[in-house]
Amino acid sequence: MTTTRYAALLRGINVGGSRKVPMAALRDVLTGLGHGDVATYLQSGNAVFTDTTGADESALAAALGDAIQAEFGFAVDCLVRDAAYLKAVADACPFPAASLQGRQLHVTYFSEQVGPERFAALDQESYLPEEFRLGDRALYLYAPEGLGRSRLAEALSRPRLYQGTVATSRNWNTVMKLVELTRG
């Protein structure tokens, strides 16, 4: 029986006092789904777990989303990614991550591959020195002043850009922590 380590990335929970999902309860939900070695990281919807069912990431995410809806009474978009994918995304970072602060670099994970045509209307030159680049079901954002001051992050947060896909972002510190936690 093969055991695979995953990270669950929940979108938009515990922000501004709404859609509260206590991390202890999230761990219980994951354990209740039959997952092992469950742990959470921060309060913003990051969990790691092992699975032996052989279910794919989409099925695991759908089951988690259904269980959260049943437990808390509201829908939460969930992505599930395995350890190899998380490490590959970190390794493929097109920016000099080692020389940047965690708040300067972010990854938006997508439920499916997105192409450059979604972002064609954005004049990237007008946002410099901020930049973004696409990767494997991911978008890398370099925001030297952090997200709070980023005009590009604001432009990238327009819902029409992500229509039909689930997207959730993490800063580089969290990206690297999830790589570490899923390593096992």
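Since the structure is predicted, the reported quantities are computational estimates derived from the model, not experimental observations. (Residues numbered from 1 in each chain as written. Predicted model: local features only at pLDDT ≥ 70, side-chain atom pairs only at ≥ 80, totals over all residues. Heavy atoms only, no water.)

Right, let's get into the sheet that holds strand 5 (residues 105-110). Taken together, 4 strands build an open sheet; the order of strands is 6-7-5-8 and the sheet is antiparallel. Only two strands of the sheet have a single partner each, and these edge strands are strand 6 (131-135) and strand 8 (167-171). With strand direction ignored, the average angle separating the axes of adjacent strands in the sheet is 20 degrees. Contacts from helix 3 (residues 83-91) reach strand 5 and strand 7 (138-142), with the element oriented near 140 degrees to strand 5. (Pairing = 2+ DSSP bridges. Helix = DSSP H or I, 4+ residues; strand = E, 2+ residues; numbered from the N terminus. Axes fitted to C-alpha atoms, helices over the stretch in contact; angles between N-to-C directions. Contact = heavy atoms within 4.5 Å.)

Reading across the sheet, the 4 strands line up as 2-3-1-4 and stay open at both edges, with antiparallel pairing between neighbours. Single-partner strands in this sheet number two, and they are strand 2 (36-41) and strand 4 (78-82). When the angles between neighbouring strand axes are averaged without regard to direction, this sheet yields 20 degrees. In this sheet, strand 4 lies alongside strand 1 (residues 4-10) in antiparallel orientation, the contact comprising 5 bridges. Following the sheet pairing, Leu 9 is matched in strand 4 by Leu 79. Contacting strand 1, strand 3 (46-51) and strand 4, helix 2 (residues 57-72) runs over the sheet at an angle of about 140 degrees to strand 4.

So, about the pairing of strand 2. The sheet contact formed by strand 2 and strand 3 spans 4 bridges and is antiparallel. Residue pairing for strand 3: Tyr 41 is matched across the bridge by Asn 46. The turn linking strand 2 back onto strand 3 is made up of 4 residues, and Leu 42 within it adopts a positive phi angle of 60 degrees.

In this section: the nonpolar core. Residues Val 107, Tyr 109 and Trp 172 are the most contacted members of the largest nonpolar core, which totals 23 residues. Elements supplying a minimum of two residues to this core: strand 1, helix 3, strand 5, strand 7 and helix 5 (172-182). Setting aside residues no more than four positions away along its own chain, Trp 172 makes contact with Ala 90, Cys 93, Ala 97, Gly 102, Leu 105, His 106 and Val 107. Counting residues in hydrophobic clusters, the runner-up holds 20 residues, among them Val 21, Met 23, Ala 47 and Val 76. (Core = buried A, V, L, I, M, F, W, Y, C linked by side-chain atoms within 4.5 Å. Buried < 20%, exposed > 50% of the residue type's maximum accessible area, 1.4 Å probe, protein only.)

A word on helix 2. Given a rise of 1.5 Å per residue, 16 residues ought to cover 22 Å, and the 22 Å separating the end C-alpha atoms of helix 2 matches this to within 8%. Every buried residue of helix 2 is accounted for by Glu 57, Leu 60, Ala 61, Leu 64, Gly 65, Ala 67 and Ile 68. Projection of helix 2 onto a plane perpendicular to its axis shows the buried side chains occupying an angular sector of 165 degrees, all on one side. Exposed side chains of helix 2 directed beyond 90 degrees from the buried face belong to Ser 58, Asp 66 and Ala 70. Against the buried residues of helix 2 lie strand 1, helix 1 (23-32), strand 3 and strand 4. Two residues or fewer after helix 2 comes Gly 73, characterised by a positive phi angle close to 85 degrees. (Expected span 1.5 Å × (residues − 1). Arc of directions from axis to C-beta.)

Running from amino to carboxyl end, helix 1 crosses helix 2 at an angle of 125 degrees, the nearest separation of the two axes being 10 Å. Relative to helix 2, helix 1 is oriented oblique. Handedness of the helix 1/helix 2 crossing: right-handed. Here helix 1 contributes Ala 25, Leu 26, Val 29 and Leu 30 to the contact with helix 2, which in turn contributes Leu 64, Ala 67, Ile 68, Glu 71 and Phe 72. Residues that form the contact of helix 1 with helix 2 fall into these classes: 8 nonpolar, no polar and 1 charged. (Parallel < 35°, antiparallel > 145°, perpendicular 65-115°, else oblique. Left-handed = near helix turned anticlockwise from the far one by under 90°. Nonpolar A, V, L, I, M, F, W, Y, C, P; charged D, E, K, R; others polar.)

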